[in-house]
Amino acid sequence: MNDYQEEQLNGLNAVLTYLNAMSDDQRENLRATLADYLDFRRRTGRFLSQYFGHLCNMKCYRNRLSACCSKDGIITFFADIAINALISEERELSSLFRVLEAPSNGFKCVYLSESGCLWRLKPIVCEMFLCDAAMREVFLRKPACENAWHRLLEEKKSFTWPDRPVLFDTLEQAFMDLGCDSPLMYLHKSPGLLMVKKKAREKGNLNHER
Ligand code: SF4
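Values in this document were obtained by computation on a predicted structure and should not be read as measured data.

Chemist: Report on the overall build of the protein, specifying residues and quantitative values.
Modeler: Helix and strand counts for the protein come out as 11 helices and two strands. A globule of 210 residues ought to have a C-alpha radius of gyration of about 17 Å, and the protein, at 18 Å, matches this closely. Overall size of the protein, expressed as C-alpha extent along the three principal axes, is 45 × 45 × 30 Å. By the burial criterion, 41% of the 210 residues in the protein qualify as buried. Of the contacts made within the protein by residues no fewer than 6 positions apart, 75% connect residues no fewer than 24 positions apart. Summed over all atoms, the accessible surface of the protein reaches about 11900 Å², with 53% contributed by carbon and sulfur. Of the side-chain charges in the protein, 29 are positive and 28 negative, and the distance between the mean point of each set is 7 Å.

Now the structure itself:
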C-alpha cells in the first residue's frame, strides 16, 4: 500500500466509522442535504455523455489510454468520500477497500478497474476534467456547448468553493462536529481555501463559525 492509498483508506474508514455511529435519521438528514448536488452531477453527467461520451470512449477508453485516470494520486475531498459513501451499496464500498489495500503499480489511478471507475459518484475533480484535445474538438464544432460547460464549471463552485456557504464545507463541518478529523478536509485545512474563507468572512459572505 502506498502513501496515497493509506491516506484514502484512512479517509474512507473515518467517513464510515462516523456514518455507522449515526442514527438512521441523522444519516437520512445528511443524505437530504445532497439533493441539489446530486442533481448537478446528474446534469453534468448527461452533458458529458451527450457531447464527450463517444469521443472519450473512442480516443481514450478503447485504446486503454484513459489519460484522465492515469495519475496515481487524484485529489479527493473529504466531502467526495462522504457523498460517495452515503449513496453507495455495501459491495461498492468493498471494492474500494479491496483496491486500497492491494499493492499498486502506480501507473494509473488505484480506483480505475477493467469496467471503469469504482466510485459510484466519482470525485468532483475527475468529473470536471476534460483534456484540451477533447475540448478543442467538441467546442470548435459546437460553441454553444462551451458556454454550457462554463456554466457547469461555475455551478460546481457553488458546492465546492468556500467564498459562500457550500456543501463541501458543511459536510466537513458535520463530521468535525462529531469529532472526526482527516487531512482530506481541505476546506478546513488548505491554506489557500482558508484564505478564501477569511476573505468571504470579511465581506460578510460567510459567518464567523465557519
Ligand atoms: S477516481 Fe475514478 S474517475 Fe477519478 S481518476 Fe480515478 S478512476 Fe478515474
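Chemist: Give me the site of the ligand: which residues, what numbers.
Modeler: Lining the immediate environment of the ligand, one finds C68, C69, C109, Y111, L112, C117, K122, P123 and C126. Among the residues making up the shell around the ligand, the classes are represented as eight nonpolar, no polar and one charged.

Chemist: Break down the packing of helix α4 (residues 78-87) against helix α9 (residues 167-177) for me, citing the residues and quoting the values.
Modeler: Running from amino to carboxyl end, α4 crosses α9 at an angle of 80°, the nearest separation of the two axes being 9 Å. Considered as vectors, α4 and α9 are oriented roughly perpendicular to each other. Taking contact as the criterion, the partners of F78, A79, D80, A82 and I83 in α4 are, on α9, L167, F168, L171, E172 and F175. Considered class by class, the residues forming the contact of α4 with α9 number eight nonpolar, no polar and two charged.

Chemist: Go over the environment of R120 with me, naming the residues and quoting the values.
Modeler: Following the sequence through the fold, R120 ends up in the loop between β2 (116-117) and α6 (124-127). A C-alpha to C-alpha distance of 14 Å links R120 and A79, two positions 41 residues apart in sequence. Each residue touching R120, except ones within four places of it in the same chain, is listed here: N84, I87, S88, E89 and E92. Reaching out from R120, the side chain makes a polar contact with the backbone oxygen of I87 at a distance of 3.4 Å. At 3.0 Å, the side chain of R120 forms a polar contact with the side chain of E92.

Chemist: Before we move on, could you go through the pattern of salt bridges and cite the residues and values that matter?
Modeler: Counted according to the given criterion, the structure contains 13 salt bridges. For E154, the salt bridge goes to K157, with nearest N and O atoms at 3.3 Å. With E154 and K157 both in helix α8 (residues 143-160), this residue pair falls three residues apart, about one helical turn. Looking at E154, the relative accessible area reads 45%, which means it is partly exposed. A single salt-bridge network, built from bridges that share partners, covers D39, R43 and E155.

Chemist: Describe empty space enclosed by the protein, listing the residues and the values that go with them.
Modeler: Applying the stated rule across the entire model yields one cavity of 30 Å³ or more. Counted as a void, the largest cavity has a volume near 60 Å³. Lining the largest cavity we find Q8, L12, I81, N84, L96, L100, Y111 and W119. Every element with two or more residues in the lining of the largest cavity is listed here: α1 (3-21), α4 and α5 (90-101). A class-by-class count of the residues in the lining of the largest cavity yields six nonpolar, two polar and no charged.

Chemist: Can you break down the confidence of the model for the protein residue by residue, with the values?
Modeler: Segments scoring low in pLDDT should not have their predicted coordinates read at a detailed level. The predicted model of the protein has a mean per-residue pLDDT of 90, with 92% of residues at 70 or higher. Averaged over each element, pLDDT in the protein is lowest for β2 (86) and highest for α4 (98).

Chemist: Residue-level account of the packing of aromatic side chains, with values.
Modeler: Scanning all chains against the criterion turns up 12 aromatic pairs. Aromatic side chains Y37 and F159 sit 5.2 Å apart centroid to centroid with 70° between the ring planes, which places their arrangement in the edge-to-face category. Separated by 122 residues along the polypeptide, Y37 in helix α3 (residues 35-61) and F159 in helix α8 bring together distant segments of the chain. Judged by relative accessible area, Y37 falls into the buried class, the value being 1%.

Definitions and cut-offs
Residues numbered from 1 in each chain as written. Predicted model: local features only at pLDDT ≥ 70, side-chain atom pairs only at ≥ 80, totals over all residues. Heavy atoms only, no water. Helix = DSSP H or I, 4+ residues; strand = E, 2+ residues; numbered from the N terminus. Rg over C-alpha atoms; globule rule 2.2 N^0.38 Å. Buried < 20%, exposed > 50% of the residue type's maximum accessible area, 1.4 Å probe, protein only. Contact = heavy atoms within 4.5 Å. Areas by Shrake-Rupley, 256 points an atom, 1.4 Å probe, with all protein chains shown as cover. Lys, Arg positive; Asp, Glu negative; His and termini not counted. Charge placed at Lys NZ, Arg CZ, Asp CG, Glu CD. Near = heavy atom within 4 Å. Nonpolar A, V, L, I, M, F, W, Y, C, P; charged D, E, K, R; others polar. Axes fitted to C-alpha atoms, helices over the stretch in contact; angles between N-to-C directions. Parallel < 35°, antiparallel > 145°, perpendicular 65-115°, else oblique. Polar contact = N/O pair within 3.5 Å; in protein donor to acceptor, adjacent residues only side chain to side chain. Salt bridge = Lys/Arg side-chain N within 4 Å of Asp/Glu carboxyl O. 1 Å grid on protein atoms, 1.4 Å probe; cavity = no way out; pocket = protein on both sides within 12 Å on 5 of 7 lines; lining within 4 Å. Points joined across faces, edges and corners; volume = space filled by probe spheres on them. pLDDT = per-residue confidence, 0-100. Phe/Tyr/Trp six-rings, centres within 6.5 Å; stacked < 30°, edge-to-face > 60°.

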